[in-house]
Amino acid sequence: MALTWTKTRPRTEIETAFRLCRASLLMVFGLSFFLNLLALTVPLYLLQVYDHVLSSHSIDTLVMLTGIAVVALAVNAMLDGLRREMLSRIGIWLDDRIQASVLTAAVQAALRGEPGSAAQAWRDLNGLRTFFSGNACNALFDLPWTPIFVLAMILVHPLLGILGLVASLMLFGLALLNEAVTRKSVARASTAWSNSQHRFEALLRNVEAISAMGMLPGVARILHDEQSEAKQAQMSAGIRAASIQSFARFLRLLTQVTVMAFAAWLVIRHDISPAAIFASSILLGRSLGPVEGAIGTWKAVTTVRLGYARLQRLMTAAPPNGPGMWLPRPKGELSLEQVYYTPPGADSSALRRVTLDLKSGEVLGVVGPSGAGKSTLGRLIAGIITPSSGHVRLDGADMSVWMGAGGHGHFGYLPQDVELFGGSVRDNIARLQDSPSEDVIAAATLVGLHETIMRLPQGYDTDIGEGGSRLSGGQRQRLGLARAFFGDPRLVVLDEPNASLDQDGEDALRQAILEMRDRGATVVVIAQRLGIISISDKVLILENGAINAFGSRRDIAERIRSGRTAIKLKGPQVIDGRKRPVQDTKPDPSLAERTSGQMLSDETKRAAS
Ligand SMILES: Nc1ncnc2c1ncn2[C@@H]1O[C@H](COP(=O)(O)OP(=O)(O)OP(=O)(O)O)[C@@H](O)[C@H]1O
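For every chain, the first residue of the written sequence is number 1, and numbering continues from 1 along that sequence. Only residues with pLDDT of at least 70 are given local features in this predicted model, and only at 80 or more are side-chain atom pairs given and counted; all residues enter the totals for whole chains, interfaces and linings. To obtain the side-chain values, all non-hydrogen atoms of the structure were included, while hydrogens and water were left out.

Asker: I keep staring at unusual backbone geometry and nothing clicks. Help me out?
Answerer: Leave glycine aside and you will find that most residues have negative phi; peptide bonds, for their part, are mostly trans. For glutamine 338, which is not glycine, the phi torsion reads 45 degrees and is therefore positive. Along the chain, glutamine 338 falls in strand S1 (residues 334-341). A 1.4 Å probe rolled over the protein chains alone gives each residue an accessible area, and that area as a share of the maximum for its type sets the label: buried under 20%, exposed over 50%, partly exposed in between. For glutamine 338, a relative accessible area of 42% puts it in the partly exposed group. Notably, arginine 353 is not glycine yet its phi reads approximately 45 degrees, a positive angle. A helix here means a DSSP run of H or I that spans at least four residues, while a strand means a run of E at least two residues long, and both kinds are numbered starting from the N terminus. In this fold, arginine 353 is placed in strand S2 (residues 351-358). With a relative accessible area of 55%, arginine 353 lands in the exposed category.

Asker: How should I be thinking about a nonpolar patch on the surface in this particular structure?
Answerer: Nonpolar side chains collect at one region of the surface, where Leu103, Val107, Leu111 and Trp122 lie side by side and expose about 360 Å² of accessible area between them. Here the nonpolar patch takes three residues from helix H4 (residues 59-111), the largest share from any one element. Tracing the backbone shows leucine 103 in helix H4. Without a salt bridge and with relative accessible area above 30%, a residue can belong to a patch; like charges are then joined within 9 Å and nonpolar side chains (Val, Leu, Ile, Met, Phe, Trp, Tyr) within 5 Å. Under the convention used here, a 1.4 Å probe and the Shrake-Rupley method define accessible areas, while residue burial counts only the protein chains that appear. We define a salt bridge as a contact between a side-chain nitrogen of Lys or Arg and a carboxyl oxygen of Asp or Glu at a distance within 4 Å.

Asker: How do you make sense of the pattern of salt bridges when you look at a structure like this?
Answerer: Where charged atoms from two side chains of opposite charge approach closely, those side chains can pair. This structure, assessed with the given rule, holds 18 salt bridges. Among the ionic pairs, aspartate 95 bridges to arginine 129, the shortest N-O distance being 2.5 Å. With aspartate 95 in helix H4 and arginine 129 in helix H5 (residues 115-133), the pair connects residues that are 34 residues apart, well separated along the chain. Looking at arginine 129, the relative accessible area reads 27%, which means it is partly exposed. Across the pair aspartate 507 and arginine 510 runs a salt bridge whose closest N-O atoms are separated by 3.1 Å. Placement of both aspartate 507 and arginine 510 in helix H18 (residues 503-518) is noted, with a separation of three residues, approximately one turn of the helix. Among the ionic contacts, a cluster of salt bridges with common partners joins Arg329, Asp488, Glu515 and Arg519.

Asker: Help me understand the site of the ligand in this model?
Answerer: Residue proximity to a molecule or strand is established when one non-hydrogen atom of the residue lies within 4 Å of it. Taken together, the neighbourhood of the ligand is formed by 13 residues, with Ser370, Gly371, Lys374, Ser375 and Thr376 sitting nearest. In the analysis that follows, any N or O atom pair within 3.5 Å is treated as a polar contact, provided that within protein one partner can donate a hydrogen and the other can accept it, and provided that, for residues neighboring in sequence, both atoms belong to side chains. Threonine 376 places a polar side-chain atom, nitrogen or oxygen, 2.5 Å from an oxygen atom of the ligand. Protein burial of the ligand: of its 630 Å² of free accessible surface, 60% is covered by the chains. Gly falls in the polar group here, along with every residue not listed as nonpolar (Ala, Val, Leu, Ile, Met, Phe, Trp, Tyr, Cys, Pro) or charged (Asp, Glu, Lys, Arg). Counted by class, the shell around the ligand contains four nonpolar, seven polar and two charged residues.

Asker: Honestly, the packing of helix H1 (residues 13-20) against H4 in this entry has me stumped. Any pointers?
Answerer: Any two packed helices are characterised by how steeply their axes cross, that is the angle between the axes, and by the distance between the axes. Axis lines are fitted to C-alpha atoms, over the contacting stretch for helices. Their N-to-C directions set the angle, which ranges from 0 to 180 degrees. Where H1 meets H4, the closest approach of the two axes is 9 Å, and the angle between their N-to-C directions is 160 degrees. The pairing of H1 with H4 is recorded here as roughly antiparallel in orientation. Here the hand of the crossing between H1 and H4 comes out right-handed. In contact with Glu13, Ile14, Thr16, Ala17, Phe18 and Leu20 of H1, H4 contributes Trp93, Leu94, Arg97, Ile98 and Ser101. Of the residues that constitute the contact of H1 with H4, the class distribution is seven nonpolar, two polar and two charged. For this classification, under 35 degrees means roughly parallel, over 145 means roughly antiparallel, 65 to 115 means roughly perpendicular, and everything else is oblique. Each crossing is labelled by how the near helix is turned from the far one, with a counterclockwise turn of less than a right angle marking it left-handed and a clockwise turn marking it right-handed. Pairs of residues are marked as contacts when any of their non-hydrogen atoms sit within 4.5 Å.

Asker: Got a minute to help me understand the nonpolar core in this structure?
Answerer: Soluble, globular proteins show a tendency: their nonpolar side chains are buried together. What makes a nonpolar core is a set of buried Ala, Val, Leu, Ile, Met, Phe, Trp, Tyr and Cys residues whose side-chain atoms join them at distances within 4.5 Å. Of all hydrophobic cores here, the largest spans 44 residues; its most connected members are Ile429, Phe485, Leu494 and Ile513. Counting residues per element, this core draws most heavily on helix H17 (residues 473-485), which supplies five residues. Look past the residues within four positions of phenylalanine 485 in its chain and what remains in contact with it is Leu446, Val447, Val492, Leu494, Ala512, Ile513 and Met516.

Printed below as a string of C-alpha cells:
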C-alpha cells in the first residue's frame, strides 16, 4: 500500500481560539432559544387574560396569570443580561488568547515591509472584541430563533402564520441582498480608512518638520486625497443599504397591517378571539424584528468578518514557532555563507554573496558608502531578517534556531533609529523585562550613562516620554547602547552607535566595546564616522551590496594605503589606529561623496578644536 503524505496547514491561533470557544458559543445559542421562548410571554398573557379572565371575571385567575407573566419577564431580563455578559466575556477571552499571536504576526508583517497591515491587525483585534459585546452580535443569535414566533402565529391561525412566514423570508432575502450589494464597498471603505489611518499616524511622527516648514496644508491635502476614496466607498455602501432598509421597513409595516386586517376578518368569522389581533401583531413584530435588524447590523458583521479574514491571513503568513529547545550560551562564532538579501517587493538585491567569519571576542567594523547595505547586513546578523539565500550562523547554528529557542538574551542590537519606548529608563535598558537592578545599572555604567541617569528627576524610574522624547539625541543613543549591552550578550550589532555622540560619549562607547570584547562577545560596529573603527579587529568594506574588502584592520589599512582596494577610504591611519580620529587632514572629496560626508567633516571639526 502506497503511503501518501498530505501537507496540511497548521491551524492558526485565531482558528484554535474560535474552536475552543465553540462550546461557549453553543451555550449562548441555547440560551437564546429560551430568551426567545420567554418573549412569547406578553402575547400569551394577552390571549389568556381575554379568554379566561374577561369571560369568567375571575380576579384570582388574573392575579395568577399576572404573577406568572411577571416571573417570566424577570427571567427573560436575567437571561438577556446573562447572554450579554457571556458574549462580552467571550470577546475578552478571545482577545486575551490571540493578542500575543496577533502582535507577533503584526511585527512580522512590519518587518516584511507591510506596516499598514501591522497597524490594521491591532484595530481588527479590537473590532473583534467589541463586536461580541455589541448589539449586532446579540441580534445575530436571535435570528435563528425567529421561526418560534412564526410557529406561534401558526398556532393562533395558519393563515396568519403563513403571512408571517412569507414576510420573514422576504425580509431575510432583503438582508442577503443588502450584504451582496454592499460587501465590496464596505471592504473597499474599510481598506481605504485603514490606509488613511496609517498615513495619519505616520504623519504625526513628523510633527516637528510639519510645523517648522509649514507643511500642514500639504499634509491636509494628502489626507484629504487618501480619505476621498474611503468616503466614496462608504457613501456608495450607505446609499444602497439605506434604500434596502427603507424598503424593508415598508414591507414590515405593510405585513403588520395585512396581518391585523386578516386577524380582524378571522375575528368577524369567529375563527379566533379578538385578543388574537394584538397577540399576532406582537408575534409578527418579534419574528420580523431580528430579520429587519440584520439589515442594519450587517455592516458590523461584514466588518468583523473582514477583520477576521485579515487576521487569519496575517497569522498564516507568520506561523507561530513553538518554544524551541533551550540552548546553552553561545560562544559567539559568527559566519555568513554566500548571503543574498532582496528586500520584499524590491527588484534587486541589497546584499550579494556576502561571506565572512568572526571568532568570538572579535570586533568587526563595517564601513562603506551610504546605501551600500550596511544596515541590511546588521539586521541579518541580528536575526531580524532572514537571508533570501545563504546562511547567517552563530556557533554553527542558523540564527533562526537561536531565535526559536528564545535566545534573544544572547544578542544586543542598536538600530540606526534608536527606537526607545515610552516608560522608565530602567524599563528601556532592561528590554521591558523585570530584571535585577544591578544588571540595569551595570549596562548603564558600561556606556558611561549611570551618572547622567542619576541626575534625572526620578533617576532610573524617570519616564523618558514616547520614543524617548524627553531625552537629548546623544542620551537616547547611549540609552539604546545600554539596552544593547544589557544582560552581557554574546553577539552585539551596533548600527552607527556614535552618530549622535560627543567626544566623551564616543570615548565611553570605545571603552564599552573593548570591555565587551574582553568578555568574549562578538561585536559588529557599522559606522559612517570611522573613528570607532580604530578599535576593531577586522574591517569589512561594503560597496553596492557586495564585499569590497574584508580582512584584519591593519591589512585593510595597508591595502587602502597602497591603493589595492577599489574604494578609497580617507585616513587609513584612523582605521589602523596609528592615529586617533582627531586629525588634521582635509576631507577627501571622493570619500565625502561616497559616504554621507559627515565622518570627515566631524573629524575636521575636531581637528580644528
Ligand atoms: N525595505 C526595503 N525595500 C526596498 N529597498 C530597501 C529596503 N531596505 C533597504 N533597501 C535598499 O537596500 C540598500 C541598502 O540599504 P541599507 O540601509 O542597508 O544601506 P546603508 O549602507 O546602511 O546606508 P546608510 O549608511 O545610508 O544607512 C539601499 O539601496 C536601500 O534602498
